[in-house]
Amino acid sequence: MKYPFLDLGKVNAPYCEELADAAARVIRSGRYIGGEEVEALESELAVATGAPFVVGVSNGLDALRLILRAYIANGDMKEGDEVIYPANTYIASVLAISDAGLCPVAVDVDEWTMNIDTSLLEKAVTSRTKAIMTVHLYGRVAWDDRLVSVATRHGLKVIEDCAQALGARTLVSGLHSSPFAGALGDAAAISFYPTKNVGALGDAGAVMTHDKGIADIVRALANYGSDHRYHNIYKGFNCRLDPIQAAMLRVKLPYLATENADRFARALAYQRTIRRADVVLPMMSAEVNDNVWHQYVVRVKDGKRDRFREKLKLTGVGTDIHYAVPPHCQPCYSGLRHGYLPVTEMLASEIVSLPIATGTSVADAAEIGRIINSVEL
Ligand SMILES: *Cc1c(COP(=O)(O)O)cnc(C)c1O
């Protein structure tokens, strides 16, 4: 394949030596659980995002699960309470809600941002609603005044699923003073899954919050529920971040701004090249960095999406779909009650992600754009 969708070897190639040095440092340290590397990464993430309390954890799904369980342990939520989430998301957002014994309530998304449609929030709130989980999908910040106002008026916690949007920021005020995704709401989950804008060499994640109490509970829950050695106040888990992954991430985190700028340049090349009536391009706003382009997602109209992917594959262009089946349509959620979600279901049949990671140059993106203009569908 001339233009693979994603080549993780190429993503990490520029950091190979630095990663090897950092790995050697951990091997020699003799400290393989917790310790300095993890603490240093936590502080570096706090500085990068403006979230004062950061807890490194095992992965993004666990970060979300631990946040919700911490709110339950703190008495802010209880089993059976409802959490609103955007229907167009990765299944991990929903798994975290149901895993904590909470009830996921799907809200449809906006056709243009592909993120939660905040005009539908108010009528999704019931007496059992305790939180809104906003997902910055594809790297685009899902945050506006309406979301803040609904959350404030109903006393809801706002949890950000920031797995795809590290480094994104917005001009719209958050609940706190930082403009960065991950520090806008009450608590946020980050994933460092290898394909994310900052990826580990395995699984890793973090919880970020403005609430020290919640950070302390998350830290305890992730470590067998132990607040100090051999003293267990919660029935916890083992969801810790490995120091070896923390060391890998400390190498890559300083390059986040460059990584995101490169992604923007490739998105811009697509935006300027692709011209087809049956291909709808993603919205590109004038607001700087409100999207860190984790995915560049176009929509192919008239039922031609699968044919589009086939044709591109024949010309050597790899694509992917994020996500072909929305969580509420998955077999494991067949018992989940939900309303009519027409935009999410329409998107699921139209969306295609084009190559955007390191390994695809700006020139490649322009060439892929020209191929797209010329394929017959
Ligand atoms: C990747 C991802 C997750 C899960 O993160 P893992 O580290 O893979 O567990 C959750 N939500 C979204 C939106 C994601 O993209």
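Residues numbered from 1 in each chain as written. Predicted model: local features only at pLDDT ≥ 70, side-chain atom pairs only at ≥ 80, totals over all residues. Heavy atoms only, no water.

Undergrad: Honestly, the overall build of the chain in this entry has me stumped. Any pointers?
TA: Scanning the chain from terminus to terminus reveals 13 helices and 12 strands. For the chain, whose C-alpha radius of gyration is 21 Å, the value lies close to the compact-globule estimate of 21 Å for 377 residues. With respect to the principal axes defined by its C-alpha atoms, the chain has extents near 65 × 55 × 40 Å. Across the 377 residues in the chain, those meeting the buried criterion constitute 56%. The long-range share in the chain, meaning contacts at least 24 apart out of those at least 6 apart in sequence, stands at 73%. Summed over its atoms, the accessible surface of the chain is roughly 16,000 Å², and 53% of this surface lies on carbon and sulfur atoms. The distance from the centre of the 39 positive side-chain charges to the centre of the 44 negative ones in the chain is 2 Å. (Helix = DSSP H or I, 4+ residues; strand = E, 2+ residues; numbered from the N terminus. Rg over C-alpha atoms; globule rule 2.2 N^0.38 Å. Buried < 20%, exposed > 50% of the residue type's maximum accessible area, 1.4 Å probe, protein only. Contact = heavy atoms within 4.5 Å. Areas by Shrake-Rupley, 256 points an atom, 1.4 Å probe, with all protein chains shown as cover. Lys, Arg positive; Asp, Glu negative; His and termini not counted. Charge placed at Lys NZ, Arg CZ, Asp CG, Glu CD.)

Undergrad: Would you mind going over the nonpolar core with me for this structure?
TA: Soluble globular proteins tend to pack their nonpolar side chains together in the buried interior. Ranked by internal contacts, the top residues of the largest apolar core, which has 42 residues, are Leu45, Ile84, Leu166 and Phe192. Apart from residues lying up to four places away in sequence, Leu45 is in contact with Gly50, Val54, Leu166, Phe192, Ala206 and Leu253. Among the nonpolar cores identified, the runner-up in size contains 36 residues, and Met77, Ile91, Ile159 and Ala222 belong to it. (Core = buried A, V, L, I, M, F, W, Y, C linked by side-chain atoms within 4.5 Å.)

Undergrad: What's the story with the site of the ligand in this structure? I'm lost.
TA: As a structural note, the neighbourhood of the ligand is formed by 13 residues, with Gly60, Asp161, Gln164, Ser191 and Lys196 the closest of them. The separation between an oxygen atom of the ligand and a polar main-chain atom of Gly60 is 2.7 Å. One nitrogen or oxygen atom from the side chain of Gln164 is found 2.7 Å from an oxygen atom belonging to the ligand. Taking 380 Å² as the accessible area of the ligand by itself, protein coverage stands at 91%. Split into classes, the residues belonging to the shell around the ligand amount to seven nonpolar, four polar and two charged. (Near = heavy atom within 4 Å. Polar contact = N/O pair within 3.5 Å; in protein donor to acceptor, adjacent residues only side chain to side chain. Nonpolar A, V, L, I, M, F, W, Y, C, P; charged D, E, K, R; others polar.)

Undergrad: Please explain unusual backbone geometry as it appears in this structure.
TA: Among all residues save glycine, negative phi is the norm, and among peptide bonds the norm is trans. The step from His322 to Tyr323 runs through a cis peptide bond, and the omega angle for that step is 10°. Inspection of the secondary structure puts Tyr323 in the loop between α11 (305–314) and α12 (342–350). The backbone phi angle of Met114 is positive, close to 65°, even though this residue is not glycine. Summarising the element assignment, Met114 is placed in the loop between β3 (103–107) and α6 (121–124). Relative accessible area serves as the criterion here: at 3%, Met114 is assigned to the buried category. Backbone geometry places Tyr230, a non-glycine residue, at a positive phi of 60°. Tracing the backbone through its elements, the reader meets Tyr230 in the loop between β8 (226–228) and β9 (231–232).

Undergrad: Sorry, what's going on with the pattern of salt bridges here?
TA: A side chain of one charge can pair with a side chain of the opposite charge if their charged atoms are brought near each other. Under the criterion given, the structure shown has 21 salt bridges. For Asp99, the salt bridge identified is with Arg65, shortest N-O distance 3.0 Å. With Asp99 in helix α5 (residues 91–99) and Arg65 in helix α4 (residues 60–73), the pair connects residues that are 34 residues apart, well separated along the chain. The residue Glu350 makes a salt bridge to Arg299 at a minimum N-O spacing of 3.1 Å. Placement of Glu350 in helix α12 and of Arg299 in strand β11 (residues 296–300) is noted, with a sequence separation of 51 residues between them. In this structure Glu350 comes out as buried when scored by relative accessible area, which is 9%. Taken together, the shared-partner salt bridges in this structure form one network comprising Arg25, Glu37, Glu44 and Arg250. (Salt bridge = Lys/Arg side-chain N within 4 Å of Asp/Glu carboxyl O.)

Undergrad: Help me understand the sheet that holds strand β4 (residues 129–135), please; the structure alone is not making it clear to me.
TA: Strands in a sheet are paired, the pairing made by backbone hydrogen bonds, and the direction either parallel or antiparallel. In spatial order, the strands read β1-β7-β6-β5-β4-β2-β3; together these seven strands make up an open sheet with mixed pairing. The two strands at the open ends of the sheet, each matched to only one other strand, are β1 (53–57) and β3. The mean inter-strand angle of the sheet, taken between neighbouring strand axes irrespective of direction, is 20°. Strand direction decides the pairing type here: strand β2 (residues 82–86) and β3, joined by five bridges, are parallel. By the bridge assignment for β3, Pro86 is matched with Val107. (Pairing = 2+ DSSP bridges. Axes fitted to C-alpha atoms, helices over the stretch in contact; angles between N-to-C directions.)

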